[in-house]
There are 4 protein chains.
Amino acid sequence: MKIDAALLGATGAVGQKFIQLLRGHPLFRLTELFASERSAGKSYGEAVTWKLSAPPDPAIEALPVFSCDQEPRARLVFSALDASAAGPIESRLVSLGHLVISNARNHRMDSDVPIMIPEINGSLLNKVSPNKGALITNPNCSTAGLALSLFPLHRAFILQSVHTVTMQAFSGAGYPGLSAWDIVGNVIPFIDGEEEKIEQELPKIFGRYNGKSFRPAPISVTASCNRVPVREGHLLDVRASFEKPFTLEKIREEWALFRSEAPYLTLPSSPGSPVIYIPTADMPQPSLFHEKNSMSVYTGRLKALSEKEICFKALVHNTVRGAAGNALLIAERAALIGLL
Amino acid sequence: MKIDAALLGATGAVGQKFIQLLRGHPLFRLTELFASERSAGKSYGEAVTWKLSAPPDPAIEALPVFSCDQEPRARLVFSALDASAAGPIESRLVSLGHLVISNARNHRMDSDVPIMIPEINGSLLNKVSPNKGALITNPNCSTAGLALSLFPLHRAFILQSVHTVTMQAFSGAGYPGLSAWDIVGNVIPFIDGEEEKIEQELPKIFGRYNGKSFRPAPISVTASCNRVPVREGHLLDVRASFEKPFTLEKIREEWALFRSEAPYLTLPSSPGSPVIYIPTADMPQPSLFHEKNSMSVYTGRLKALSEKEICFKALVHNTVRGAAGNALLIAERAALIGLL
Amino acid sequence: MKIDAALLGATGAVGQKFIQLLRGHPLFRLTELFASERSAGKSYGEAVTWKLSAPPDPAIEALPVFSCDQEPRARLVFSALDASAAGPIESRLVSLGHLVISNARNHRMDSDVPIMIPEINGSLLNKVSPNKGALITNPNCSTAGLALSLFPLHRAFILQSVHTVTMQAFSGAGYPGLSAWDIVGNVIPFIDGEEEKIEQELPKIFGRYNGKSFRPAPISVTASCNRVPVREGHLLDVRASFEKPFTLEKIREEWALFRSEAPYLTLPSSPGSPVIYIPTADMPQPSLFHEKNSMSVYTGRLKALSEKEICFKALVHNTVRGAAGNALLIAERAALIGLL
Amino acid sequence: MKIDAALLGATGAVGQKFIQLLRGHPLFRLTELFASERSAGKSYGEAVTWKLSAPPDPAIEALPVFSCDQEPRARLVFSALDASAAGPIESRLVSLGHLVISNARNHRMDSDVPIMIPEINGSLLNKVSPNKGALITNPNCSTAGLALSLFPLHRAFILQSVHTVTMQAFSGAGYPGLSAWDIVGNVIPFIDGEEEKIEQELPKIFGRYNGKSFRPAPISVTASCNRVPVREGHLLDVRASFEKPFTLEKIREEWALFRSEAPYLTLPSSPGSPVIYIPTADMPQPSLFHEKNSMSVYTGRLKALSEKEICFKALVHNTVRGAAGNALLIAERAALIGLL
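Anyway, here's the lowdown on the structure attached to this text.

**Things to note about the packing of aromatic side chains**
Each aromatic ring pair is summarised here by two numbers: the centre-to-centre distance and the angle between the ring planes.
And then number 1: Using the criterion set out here, one finds 48 aromatic pairs over all chains in the structure.
And then number 2: Aromatic side chains Phe 242 of chain B and Phe 246 of chain B sit 5.9 Å apart centroid to centroid with 75° between the ring planes, which places their arrangement in the edge-to-face category.
And then number 3: Ring centres of Trp 255 of chain B and Tyr 277 of chain B lie 5.8 Å apart, and the angle between their planes is 20°; on these two criteria the pair is classed as stacked. Placement of the pair is Trp 255 of chain B in helix 9 (residues 248–257) and Tyr 277 of chain B in strand 12 (residues 275–277), with a sequence separation of 22 residues.
And then number 4: Through successive ring pairs, a cluster of aromatic residues spans Phe 18, Phe 28 and Phe 78 of chain A.
And then number 5: Here the guanidinium or amino end of Arg 333 of chain A rests over the ring plane of Tyr 264 of chain A, the centre of that ring lying 3.5 Å away.

Pasting the structure below:
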């Protein structure tokens, strides 16, 4: 008996990734699709311009697309809505009692809404009532990679400040997103709003929740974002300083030991290792994602800059761990503890 | 009456750029070409696999290619030799009385050899004797952009530390350089030896010369280098802290006021403004170089991170200011002060 | 005393190329700019998102942008309008007495409107009255390369049929045009309407005008179009059969002898050789256009398939000879014979 | 009980694809690896610069690499050798009694060696003795796509002539293969020797074997090859004429009905449909292969040019059906009929 799930924003790039990852999912069954007025009334096959390689199941293509005005029957709602629409739609569904897991940025910084990476702060789900509505948000795609790679180090050595320079894939801008004219053979040293998101979200994810609101962790975060002509995979150059002394060996050990605690390790989308360090000199590269979806963050090129400071590179699959895949892992954990 | 010039390493990627930039040059006439044994004895047209768009002059194509064992007749020698060969060849020519301006890294860190960016330390040419041999080196291509963009700020506010994350064009690796397989749609977070070069060269360029050797400026430099699928133009993310207080307005002013001092401003390769700040939100981009060679460094996205620290982006044309163009500007200045 | 020129569709990709090519033009002075309602009332600098590398002159940036409802003062009007708007606007200006040289497809196949490539059928300008309005159209960008490369052969051997497979640059789709998502690392084997244009336009260009209407030449043309991840330069694979016997040597000779006849050879945009054959095995390549605008078509890889049939490759700069540059050459010729 | 298999040329690009496709294969177990002298004596993990995304099994990485001088113990030998080495090595192993399935071009046109695409001429395996050595070759990667897409049409309407213009992925050139400098943002209208291979191999594959030698089918084939900046997937523009009348509907039907006959349909690498027609206007595109290996050829854009002539596009995965995958399918069929 699978759990029914609804999907908002089903025709967009993130919506398509949700559909791809939910194909044959052992826990969830996608039963309702919602999109903009333009798509409502059509079948999904008619409404979507499919952009991923393997096409969706015929059963999904046959599903009708509903307007976001309508209420899903399923308690579980994934939101892949664009930020221009997500805000009030998600709020309304929460007030109607749905568990909404959203990839949109709109409510991330609301005082009582968690930004969740299950391996880091998944236990916040324990505060959600199985009978009430609730909103859980994904982090920004770059934040996801940054937070996962830093969390085991933060736990061990207490993170004080971090500066990241990102090189982000164009799929992160959705479809149609960037014009070929702008990005082919080029780098664009700016992504609107992205730096602010990273700078605000990481302290919140590493912060504390007192039952009513979040107090961000006292970590100084600065980010400088760039768009590169890569399809999938955000590469981050990370410079971090810690309160406690460390050795490079211990850092590699913290990454290697970092595991989702039982029983969450066995969830369908749970990676064996959330962070995988690659010792090869020229890794990690986005080409690691050429043929696969991955929920793990890959790190490499670890160096000590001083006694308190390191730098390293981190690679995160922006549409998987940075979007649909992380939301799915949240839902799987919610299902396991009886919230669905 | 133009000055004769010889070119070592004429068939490689940097050699070709020298030939392109010397075409119709008002001061210099390329009269002798040198390359590896494999090319020696052929005409240049036979020996070269030309990789730039406009082909060389027929007169250049007809020139014979000599082995680097032979001595040029011209006093002025440009070296575009590969580091695997440059060391002893350049030393020998200096001992034979030539003025060698080299793009190779081999002698850059020699205690008595300057790394020259004319607008910064071109006055070191005044110590060269018009009757003796001398070696002047170009900086590494990324260092060139970093040093030019920081020098006017260093002069005004005293640079203490700098961290740069680079996104470098594949033309910097020469020809054939990178395999398409490795870099198309990808980023490689490593360039062998590049970080060390940047970290060592910048303090030397900003340092002092006591007539015998160089004392590096006390600046902490760290670099993290990446290769991106861009043809020409290295983009640098720069984070810098200063001893003296600054304002963003003053920084933009220092960049705008930075000029080559007279009479060097009128040299053929001298840019009107060595540093050009672009206030547009998403600039500078490597595509600025799609149709032109440029000796200027473009900066943008200037932000204050703290009272002592800023970050910004800088773009340098790696094969022009980062290689052949900078060497040419050195030679032009040497000609002006009677060294040739 | 330069001739005033107006430009319709000034903010689009083709409009920008017109502005780039008209910079410092010896015959024409761009005095009036027209664009859509959205841009009207702004200065050009405010209205445009400039996409070419060197920015326009400050004098051009300061020009006001007018709505296309208004009538230009200049007799000479370049139209870079989108096909969705060009039709009635161009007709109205012709009826008001303007000489309109258009890159839009709308009127190309009108029975009394020439599709002009000056080296082929520029003498049609002699039928234009200096006191009346007239419309002259550019061919489609691929047709331009196909027609130029085939015309000298047609003149000598009488073309019977041609089949072309095109590999077209994404700049041909305008801005924003193609999404990076669709074209990076990919080929799209379809361009809407393009094959029909090529198939109809070539016979018309090679056809006859009886003073009232055009009779197409009896040539069978088939085309199969593809979009490739190239910025500028359409590469065409051409297979052509002729009525008269030929030799490969004679074909290369016809290309080499093909010249604009005097006095048109000295027009500012006139290429020395409209067709340049490159004997190198792996040429022509779009990278020939990396650093330059070119009005010449480059051919290569000439082979005989049978006694009557050849195949070869042809490369045309789609935004220069295939758009703004060809229109400019038409206008230069019109000026020379006193139509302006 | 799996069948042991040896692999020659294990470290190259095609060799790596063999290893990827043999991972977990139900019939074969890769037990011996052979490569050049340079790699011999190392473990595979030490010898290889792995270029595909998922790394090989640790068990494969631990295998020793032997020199090609040595004889494999396994009867079944896959050859991914470079053409510079393959000729005599393969001949020797055949004379020693091995069944060699080769991707190298060296022996393809030998009078008694079949070029095999199992769905077309797999029955030639019935002439191989289970006790003797034999050599079976793969077609060239473009030929594979051309032959598969044309075979069902040839069977129904008798192919007379075909002209193909190819747009080929750079992975077809092996590793390192093309320099980024040459192919990024470019098309190269030439692939050395490729056109000849296509022109010779297709008639042989469609020809007859009299027990001693092959007589090519009387089909005129011409090819014009281009390299495009695509990682995987050769796209072919095909123009074909037939002896018998056809309709487009019948052609689509022939493609749809084309199946591997029983019992070969159930072989592990056998595609359900060797040719899949996609009716969408802008298909097939190489991006179809972004996330998957495919043994099917995709066709699209079918048009009639005349009563006897059609054109269409065909897409083949060059390293799968065009190389390792086709060889694997041959071996699976050989195993089924008891040759191994």
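Okay, back to it.
**Focus: the relation of the copies chain A and chain B**
And then number 1: Here chain A sits on chain B after a turn of 180° about the axis and a move of 0.0 Å along it, with an RMSD of 0.0 Å. This pairing of chains is accounted for by a two-fold axis.
And then number 2: Same-surface contact between copies: 100% of interface residues of chain A are shared with the interface of chain B.

**Overview of helix 1 (residues 13–22) of chain A**
Residues and elements named next belong to chain A.
And then number 1: Burial within helix 1 is extensive, with nine of its 10 residues counted as buried.
And then number 2: Of the positions making up helix 1, those classed as buried are Ala 13, Gly 15, Gln 16, Lys 17, Phe 18, Ile 19, Gln 20, Leu 21 and Leu 22.
And then number 3: Downstream of helix 1 by one or two residues, Gly 24 has phi in the positive range, about 65°.

**Some thoughts on the packing of helix 6 (residues 141–157) of chain D against helix 8 (residues 194–205) of chain D**
Residues and elements named next belong to chain D.
And then number 1: For the pair helix 6 and helix 8, interaxial distance at closest approach is 9 Å and the crossing angle is 40°. One element, helix 6, and the other, helix 8, form an angle in the oblique class. The two elements helix 6 and helix 8 cross, and the hand of that crossing is right-handed. Between helix 6 and helix 8, the contacting residues are Cys 141, Ser 142, Thr 143, Leu 146, Ala 147 and Leu 150 on the first element and Glu 194, Lys 197, Ile 198, Glu 201, Leu 202 and Ile 205 on the second.
And then number 2: Here the residues of the contact of helix 6 with helix 8 sort into seven nonpolar, two polar and three charged.

**Side note on the pattern of salt bridges**
And then number 1: Applying the stated criterion to the full structure yields 52 salt bridges over all chains.
And then number 2: Glu 201 of chain D is the partner of Arg 108 of chain D in a salt bridge, and the nearest nitrogen-oxygen pair spans 2.8 Å. With a gap of 93 residues between them, Arg 108 of chain D in the loop between strand 5 (99–102) and helix 5 (118–121) and Glu 201 of chain D in helix 8 connect regions that are remote in the sequence. Considered together, Arg 108 of chain D and Glu 201 of chain D belong to a single accessibility category, that of buried residues.
And then number 3: Put simply, Glu 194 of chain D and Lys 197 of chain D hold a salt bridge, and the shortest N to O gap is 3.9 Å. Of this pair, Glu 194 of chain D and Lys 197 of chain D both sit in helix 8, separated by three residues, roughly a single helical turn.
And then number 4: Classification of Glu 194 of chain D by relative accessible area gives buried; the value is 6%.
And then number 5: The structure contains a network of salt bridges with shared partners spanning Glu 195 of chain A together with Arg 301 and Lys 303 of chain B.

**Let's talk about the relation of the copies chain B and chain C**
And then number 1: Rotating chain B by 180° and translating it 0.0 Å along the rotation axis places it on chain C, where the RMSD comes to 0.0 Å.
And then number 2: In this assembly, 100% of the residues forming the interface of chain B have copies in chain C that are likewise at the interface, indicating an isologous arrangement.

**What to know about the interface of chain A and chain B**
And then number 1: In this complex, chain A contributes 35 residues to the contact, which on the side of chain B involves 35 residues.
And then number 2: Seen at the junction of chain A and chain B, the total is four salt bridges.
And then number 3: Here Arg 301 of chain A ties to Glu 195 of chain B by a salt bridge, and the two come within 2.6 Å at their closest N and O atoms.
And then number 4: Summed over the shared surface of chain A and chain B, the number is 22 residue pairs in polar contact (both at pLDDT 80 or more).
And then number 5: Mapped by element, the contributors of at least two residues to the side of chain A that touches chain B are strand 7 (159–168), helix 8 (194–205), strand 10 (220–227), strand 11 (234–242) and strand 13 (297–304) of chain A.
And then number 6: In terms of residue count, strand 10 of chain A provides more of the side of chain A that touches chain B than any other element does, five residues in total.
And then number 7: The residue makeup of the side of chain A that touches chain B, split by class, is 17 nonpolar, nine polar and nine charged.

**A word on the sheet that holds strand 6 (residues 134–137) of chain A**
All names here are of chain A.
And then number 1: Reading across from one edge, 3-2-1-4-5-6 is the order of the six strands in this open sheet, with parallel pairing throughout. If you trace the sheet from one side to the other, it starts and ends with strand 3 (65–67) and strand 6, each paired once. Here the strands of the sheet are splayed against their neighbours by 30° on average, with no regard to which way each runs.
And then number 2: In the sheet, strand 1 (residues 3–8) pairs with strand 2 (residues 28–35) via six bridges, with the strands oriented parallel. Along strand 2, the bridge assignment pairs Ile 3 with Phe 28.
And then number 3: Against the sheet, helix 1 makes contact with strand 1, strand 2 and strand 4 (76–79), and its axis sits at roughly 165° relative to strand 2, the strand it touches most.

**Some details on the side chain of Arg 231 of chain B**
And then number 1: Considering the arrangement of structural elements, one finds Arg 231 of chain B in the loop between strand 10 (220–227) and strand 11 (234–242).
And then number 2: Buried and without a salt bridge, Arg 231 of chain B has Asp 182 of chain D as its closest oppositely charged side chain, separated by 6.6 Å.
And then number 3: Reaching out from Arg 231 of chain B, the side chain makes a polar contact with the backbone oxygen of Trp 181 of chain D at a distance of 2.8 Å.
And then number 4: In contact with Arg 231 of chain B, not counting residues within four places along its chain, are Ala 169, Phe 170 and Ser 171 of chain B, His 290 of chain C together with Ala 180, Trp 181 and Val 184 of chain D.

**Observations regarding the sheet that holds strand 11 (residues 234–242) of chain D**
Residues and elements named next belong to chain D.
And then number 1: Sheet architecture is open: six strands sit in the order 10-7-11-14-13-12, paired in mixed fashion. Each edge of the sheet is formed by a strand with only one pairing partner; in this case those strands are strand 10 (220–227) and strand 12 (275–277). On average, each strand axis in the sheet is tilted by 25° relative to the strand beside it, whichever way the strands run.
And then number 2: By the bridge criterion, eight bridges tie strand 7 (residues 159–168) to strand 11 in an arrangement that is antiparallel. Within strand 11, the residue paired with Ser 161 across the bridge is Ser 241.
And then number 3: Helix 6 contacts strand 7, strand 11, strand 12, strand 13 (297–304) and strand 14 (309–316) of the sheet and is inclined by roughly 30° relative to strand 11.

Analysis parameters
- Residues numbered from 1 in each chain as written.
- Chains lettered and ligands numbered in written order.
- Predicted model: local features only at pLDDT ≥ 70, side-chain atom pairs only at ≥ 80, totals over all residues.
- Heavy atoms only, no water.
- Phe/Tyr/Trp six-rings, centres within 6.5 Å; stacked < 30°, edge-to-face > 60°.
- Helix = DSSP H or I, 4+ residues; strand = E, 2+ residues; numbered from the N terminus.
- Lys NZ or Arg CZ within 6 Å of the ring centre and 35° of its normal.
- Least-squares fit on C-alpha atoms with pLDDT ≥ 70 in both.
- Contact = heavy atoms within 4.5 Å.
- Buried < 20%, exposed > 50% of the residue type's maximum accessible area, 1.4 Å probe, protein only.
- Axes fitted to C-alpha atoms, helices over the stretch in contact; angles between N-to-C directions.
- Parallel < 35°, antiparallel > 145°, perpendicular 65-115°, else oblique.
- Left-handed = near helix turned anticlockwise from the far one by under 90°.
- Nonpolar A, V, L, I, M, F, W, Y, C, P; charged D, E, K, R; others polar.
- Salt bridge = Lys/Arg side-chain N within 4 Å of Asp/Glu carboxyl O.
- Polar contact = N/O pair within 3.5 Å; in protein donor to acceptor, adjacent residues only side chain to side chain.
- Pairing = 2+ DSSP bridges.
- Lys, Arg positive; Asp, Glu negative; His and termini not counted.

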